Amino acid sequence: MLRNKLMNLDITNENLYLLLPCKISRVVQIYSHEHNLSLIEAMRCFTTRIHISVLQMNLQNYGIMGL
């Protein structure tokens, strides 16, 4: 019974946050390799791009008041 609870591999909204650090780190590794950057520089570029895309999404959805 305990093994069945530990082997629950379903991805839901409640456990999705556990996967995000791994996925983000892998994307940053790929980005740094493709652009010949250090991991720190790649992480800065990646987070800057995420921030810009969130700002653009807010601008599209909410207008100037969304910023």
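Calculation criteria
Residues numbered from 1 in each chain as written. Predicted model: local features only at pLDDT ≥ 70, side-chain atom pairs only at ≥ 80, totals over all residues. Heavy atoms only, no water. Helix = DSSP H or I, 4+ residues; strand = E, 2+ residues; numbered from the N terminus. Buried < 20%, exposed > 50% of the residue type's maximum accessible area, 1.4 Å probe, protein only. Areas by Shrake-Rupley, 256 points an atom, 1.4 Å probe, with all protein chains shown as cover. Axes fitted to C-alpha atoms, helices over the stretch in contact; angles between N-to-C directions. Parallel < 35°, antiparallel > 145°, perpendicular 65-115°, else oblique. Left-handed = near helix turned anticlockwise from the far one by under 90°. Contact = heavy atoms within 4.5 Å. Nonpolar A, V, L, I, M, F, W, Y, C, P; charged D, E, K, R; others polar. Expected span 1.5 Å × (residues − 1). Arc of directions from axis to C-beta.

Enquirer: Report on the overall build of the protein, specifying residues and quantitative values.
Expert: Within the protein one finds three helices and zero strands. Sequence-ordered secondary structure for the protein, helices as α and strands as β, is α-α-α. Split into buried and exposed, the 67 residues of the protein put 9% on the buried side. Accessible surface for the protein amounts to roughly 6300 Å². Of this, 62% is attributable to carbon and sulfur atoms.

Enquirer: Lay out the packing of helix α2 (residues 20-35) against helix α3 (residues 39-62) with the relevant residues and their values.
Expert: Direction vectors running N to C along α2 and α3 enclose 115°, while the axes themselves pass 9 Å from each other. Classified by the angle between their axes, α2 and α3 sit roughly perpendicular to one another. Crossing of α2 against α3: the hand is right-handed. Contacts between α2 and α3 involve I24, V27, V28, Q29, Y31 and S32 on the former and, on the latter, L39, A42, M43, C45, F46 and R49. Of the residues belonging to the contact of α2 with α3, the class tally is nine nonpolar, two polar and one charged.

Enquirer: Go over α2 with me, naming the residues and quoting the values.
Expert: With 16 residues, α2 extends 22 Å between its outermost C-alpha atoms, agreeing within 8% with the 22 Å of an ideal straight helix rising 1.5 Å per residue. All buried positions along α2 are accounted for by V28, Y31 and S32. Along the long axis of α2, the arc covered by the buried residues comes to 95°, so they all point the same way. Exposed positions of α2 whose direction lies more than 90 degrees from the buried face are C22, K23, H33 and E34. Where α2 is buried, its residues meet α3. One or two residues past the end of α2 sits N36, with phi positive at roughly 55°.

Spatial relationships are all this shows, so hold off on functional conclusions.
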